[in-house]
Amino acid sequence: MEQHEYGDEDLAAVLHALGDPVRLALVRRMAADGESACSPDGMDVPRSTLSNHWRILREAGITETRRAGKARLMTLRRTDLDARFPGLLAAVLDEDGR
């Protein structure tokens with residue numbers, strides 16, 4: 001598993017990563033389902049474009065990747081993000097029902 005340490009400059013990277021509709025959809029899917037495959041069902045995005053979106057999410061520290069055979073499964077680093085930026089994911093994911 002990849003680990004990411006946060007620095008003060010990372011809020012901009014996290015906000016940038018969450019600001020794209022495709023990446024936000026991927027984050028919402030992980031929040032709901034736990035893990036996500038590289039090419040999740042129902043995403044009408046070319047595989048190369050998805051790879052770029054996953055890279056941005058990973059580099060921002062939003063996801064971590066686990067290998068299962070040839071597959072790569074991504075998970076949301078919810079605990080780490082909530083500790084570093086309290087309430088950010090809840091607001092972005094609209095978990096308070098607004």
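Residues numbered from 1 in each chain as written. Predicted model: local features only at pLDDT ≥ 70, side-chain atom pairs only at ≥ 80, totals over all residues. Heavy atoms only, no water.

## Concerning the side chain of Thr75
Looking at the element boundaries, Thr75 is found in strand S3 (residues 71-76). Assessed through its relative accessible area of 19%, Thr75 is described here as buried. Sequence-distant contacts of Thr75, defined by excluding residues within four places in its chain, comprise Met30, Gly34, Glu35, Ile62, Thr63 and Glu64. (Helix = DSSP H or I, 4+ residues; strand = E, 2+ residues; numbered from the N terminus. Buried < 20%, exposed > 50% of the residue type's maximum accessible area, 1.4 Å probe, protein only. Contact = heavy atoms within 4.5 Å.)

## Considerations on the pairing of strand S2 (residues 63-68)
Pairing of S2 with S3, which is carried by 6 bridges, proceeds in the antiparallel orientation. Each bridged residue has a counterpart across the sheet, and for Arg67 the counterpart in S3 is Arg72. Hairpin geometry of S2 and S3 is characterised by an intervening segment of 2 residues between the two adjacent antiparallel strands and by a positive phi of about 70° at Gly69. (Pairing = 2+ DSSP bridges.)

## Here we look at the sheet that holds strand S1 (residues 35-37)
Read from one edge of the open sheet, 3 strands run S1-S3-S2, paired in antiparallel fashion. Each edge of the open sheet carries a strand with a single partner, namely S1 and S2. Between one strand axis and the next, the sheet turns by 35° as a mean value, whatever way the strands run. For S1 and S3, the ladder comprises 3 bridges, and the chain directions are antiparallel. (Axes fitted to C-alpha atoms, helices over the stretch in contact; angles between N-to-C directions.)

## Focus: the environment of Ala71
With respect to the secondary-structure elements, Ala71 resides in strand S3. Residues Ala71 and Cys38 lie 33 residues apart in sequence; the distance between their C-alpha atoms is 7.8 Å.

## Topic: the pattern of salt bridges
Evaluation of the coordinates by the stated rule reveals 4 salt bridges. Glu59 is the partner of Arg55 in a salt bridge, and the nearest nitrogen-oxygen pair spans 3.0 Å. With Arg55 and Glu59 both in helix H3 (residues 47-59) and 4 residues apart, the pair spans about one turn of that helix. With a relative accessible area of 32%, Arg55 lands in the partly exposed category. Linking Arg78 and Asp82 is a salt bridge whose minimum nitrogen-to-oxygen distance equals 3.0 Å. One end of the pair is Arg78 and the other is Asp82, both in helix H4 (residues 78-84) and 4 residues apart, which spans about a single turn. (Salt bridge = Lys/Arg side-chain N within 4 Å of Asp/Glu carboxyl O.)

## Concerning the packing of helix H2 (residues 21-33) against H3
Between H2 and H3, the least distance of the axes is 10 Å, while the angle of their chain directions is 70°. As the angle between them shows, H2 and H3 are arranged roughly perpendicular. Like other packed secondary-structure pairs, H2 and H3 cross with a definite hand, here right-handed. Here Val22, Arg23, Leu26, Val27 and Met30 of H2 come into contact with H3, specifically with Leu50, His53, Trp54, Ile56 and Leu57. (Parallel < 35°, antiparallel > 145°, perpendicular 65-115°, else oblique. Left-handed = near helix turned anticlockwise from the far one by under 90°.)

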